[in-house]
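Summary of the model geometry
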Amino acid sequence: MAFGRLERNSGPAPMSDINMTPLIDVMLVLLVIFIITAPLMASSLKLDLPRTDAATPQAVPTFIAVAIDANGKLFLGDDTLTREQLEQRVTLAAKGNPQLEVQLRADKTVAYGQVADLIGLVQKAGLTRIGFVTESPQAPAPVR
C-alpha cells in the first residue's frame with residue numbers, strides 16, 4: 001500500500017483587526033440623543049414642590065415664610081409689608097444666605113399672575129429655592 005502525504009488545510013488566518021464602524025455608529029446615535037434631550041432637562045423655574053398628597057414636610061434649617069392673602073396683601077412671617085418693603089427685606093436675607101429657602105403660602109383664590117409676580121420678586125432678590133406650602137387634606141371623621 002502506498003501512503004501519500006496527508007495535508008490538512010488550516011483555513012483562513014484569524015482576523016486581528018477590530019471593526020470600528022459599529023462602535024462609531026453607536027457613539028453618534030448617543031451623541032444625537034444627548035443633543036436633543038439636553039435642552040429638555042433644563043428648567044427655568046426652580047421649585048421644590050411636594051410630589052404627593054402624603055408627602056411629609058421636610059425640616060429646613062433656614063427659611064423665610066412669604067405669603068399672599070386673598071386681598072393681595074404680602075406678608076413676611078407675620079408682618080404685613082408693601083411690595084417695596086418685601087423686596088428690600090428679601091434682598092437683605094438673600095445677601096446674608098443665598099441658599100435660603102422661601103416657603104410660599106398663597107390663598108387659593110389668588111390669581112396665578114400675582115403668585116408668579118411674587119415668585120419673580122423673590123428670584124430677582126437672589127433666592128431660587130422656593131417651596132409651596134399647602135394644607136394636608138382633612139382626615140375623615142371616625143365611624144361610630
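Coordinates for the structure precede this section.
Below, the structure is looked at part by part. Keep in mind it's a predicted model, so treat the numbers as computed, not measured.

Thoughts on helix H2 (residues 83-96)
- Its 14 residues place the ends of H2 20 Å apart at the C-alpha level, agreeing with the 20 Å of an ideal helix rising 1.5 Å per residue.
- Along H2, the positions that sit buried rather than exposed are Leu86, Val90 and Ala94. Looking straight down H2, one finds its buried side chains confined to an arc of 65 degrees; they lie on one side. Opposite its buried face, H2 presents the exposed residues Glu84, Gln88, Leu92, Lys95 and Gly96, each directed more than 90 degrees away.
- Packed against the buried residues of H2 are strand S2 (63-68), strand S3 (74-76), strand S4 (79-81) and helix H3 (112-125).

Here's the deal with the packing of H2 against H3
- Put simply, H2 and H3 touch, their axes get as near as 8 Å, and they point 40 degrees apart. Taken together, the axes of H2 and H3 are oblique relative to one another. Viewed along their axes, H2 and H3 form a crossing whose handedness is right-handed. Residues Arg83, Leu86, Glu87, Val90, Thr91 and Ala94 of H2 pack against Asp117, Leu118, Leu121, Val122, Lys124 and Ala125 of H3.
- A per-class count over the contact of H2 with H3 returns seven nonpolar, one polar and four charged.

Reading the values: the criteria
Residues numbered from 1 in each chain as written. Predicted model: local features only at pLDDT ≥ 70, side-chain atom pairs only at ≥ 80, totals over all residues. Heavy atoms only, no water. Helix = DSSP H or I, 4+ residues; strand = E, 2+ residues; numbered from the N terminus. Expected span 1.5 Å × (residues − 1). Buried < 20%, exposed > 50% of the residue type's maximum accessible area, 1.4 Å probe, protein only. Arc of directions from axis to C-beta. Contact = heavy atoms within 4.5 Å. Axes fitted to C-alpha atoms, helices over the stretch in contact; angles between N-to-C directions. Parallel < 35°, antiparallel > 145°, perpendicular 65-115°, else oblique. Left-handed = near helix turned anticlockwise from the far one by under 90°. Nonpolar A, V, L, I, M, F, W, Y, C, P; charged D, E, K, R; others polar.

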